[in-house]
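# A closer look at the structure
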Amino acid sequence: MAALILEVTTRGLHRYFALEGEVTTVGRALDNDIILSDPTVAPHHLKIIRYGDDSVELVNLSDVNPTRVERRLLESLVSRELPLRIELGRVHAQLLRRDQEVAATRPIAGTGSGSSLFGRAYWVVLLACACIFVGGLEFWLDAYNEYQWSDLFKHVLRETLLSIGAFVLALAILERLLVNRWEIRQMITSVCLVYLLYYAIAILAGLLDYLFSSAWPGTLLYLLWFFLLIPGAIALYLIHISHLHRRRALLLAMLIASPIVLPSLMQSSKLLLLLEDFSSAARYQNSLSSLNWHLRPTVDVADFVREARELDPGEFAD
């Protein structure tokens, strides 16, 4: 009889036990052949019996949290078809043959060609410097009065470095909990790229708002950023850097992004623009664009003043 393998998965880590004998017992008691320390596992939870015709029998031994095979409650099962997915309490396992194919080896990000963004120290430095420059440029463009270098330094430190640092710290803690490791250089590179993408989208949103003389393009990009791009960026990191399974990575990405997305949306004027008759821009701005695509003609200043005088308090012109 060829030896079988019991693969036990806990917190993303896999342990493998060779089943050499005809009978193997699994449970929390110390007299078992395979000992699982999880409190939801019974002292004697499962018996695995191997037969000479390469069939295997699984016998449930627990009344509390009984064994499940392929998500179905088990009393006794004889099968030649492997692998079999087994649940013992909240411990997940698989019964495999030794010749079971394994997934292809995934490369560590940044260990390939020298042009790879991820994992290369000089890319980390370049992207961090680019984020600092973009943060300072935003402060300079938004400043209406003369500014001091100390104000610029405080803005970059507060809005750029602390924002990037907070995201890196949060991802580092989550990655440590999920896969028991962290990839600091890859993490900083990913956060810097997302930070630069945010400013690129902000510039594009402003240009589209001006082009269409409307706030809906910027609002659409704003919602797209929070509902799709942030969870998508986190999911891509978990899949390609942390090497989590796609389904689990997508679910975790939505859970990780929700504390960022929900408060930002609830405090945003963009959401008020959709829910109420509110606009952060003056209404007369809709006729200022030289690329106005509205069918209505622009409003003459004299006509605008005349119509405004005729309005009752609280009303506005169409």
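What counts and how
- Residues numbered from 1 in each chain as written.
- Predicted model: local features only at pLDDT ≥ 70, side-chain atom pairs only at ≥ 80, totals over all residues.
- Heavy atoms only, no water.
- Core = buried A, V, L, I, M, F, W, Y, C linked by side-chain atoms within 4.5 Å.
- Buried < 20%, exposed > 50% of the residue type's maximum accessible area, 1.4 Å probe, protein only.
- Helix = DSSP H or I, 4+ residues; strand = E, 2+ residues; numbered from the N terminus.
- Contact = heavy atoms within 4.5 Å.
- Expected span 1.5 Å × (residues − 1).
- Salt bridge = Lys/Arg side-chain N within 4 Å of Asp/Glu carboxyl O.

Counting 33 residues, the largest nonpolar core has Ile164, Ile234, Leu238 and Leu244 as its most contacted members. Those elements that place two or more of their residues in this core are helix H1 (121-142), helix H2 (149-179), helix H3 (184-212), helix H4 (216-240) and helix H5 (246-266). Of the residues forming this core, the biggest block, ten residues, is contributed by H4. Excluding residues that lie within four positions of it along the chain, Ile164 makes contacts with Cys131, Val191, Cys192 and Tyr195. Grouped together as the second largest cluster of nonpolar side chains are 21 residues, Ile34, Leu46, Val56 and Leu95 included.

Quick look at H3 now. Every α-helix winds through 3.6 residues per turn, so residues three or four apart in the chain are directed the same way. In this model H3 runs 42 Å from its N-terminal to its C-terminal C-alpha over 29 residues, within 8% of the 42 Å that 1.5 Å per residue would give. Taken together, the buried positions of H3 are Gln186, Met187, Thr189, Ser190, Val191, Cys192, Tyr195, Tyr199, Ile201, Ala205 and Asp209. Once H3 finishes, Ser213 follows within two positions and takes phi at roughly 50°, a positive value.

With that out of the way, let us pick up the pattern of salt bridges. When the charged atoms of two side chains lie near each other, side chains of opposite charge can form a pair. According to the stated counting rule, one finds three salt bridges in the structure shown. Notably, a salt bridge pairs Asp38 with Arg90, separated by 3.1 Å at the nearest N-O pair. Here the residue Asp38 occupies a position in the loop between strand S4 (34-35) and strand S5 (46-50), and Arg90 occupies one in the loop between strand S10 (84-88) and strand S11 (91-97), the gap between them amounting to 52 residues. By relative accessible area, Asp38 is classed as buried at 18%. When its relative accessible area of 53% is taken as the criterion, Arg90 is described as exposed. As a salt-bridge pair, Arg85 and Glu70 come within 3.0 Å of each other at their nearest N and O atoms. One end of the pair, Arg85, is in strand S10; the other, Glu70, is in the loop between strand S7 (68-69) and strand S8 (72-73), with 15 residues separating them in the sequence.

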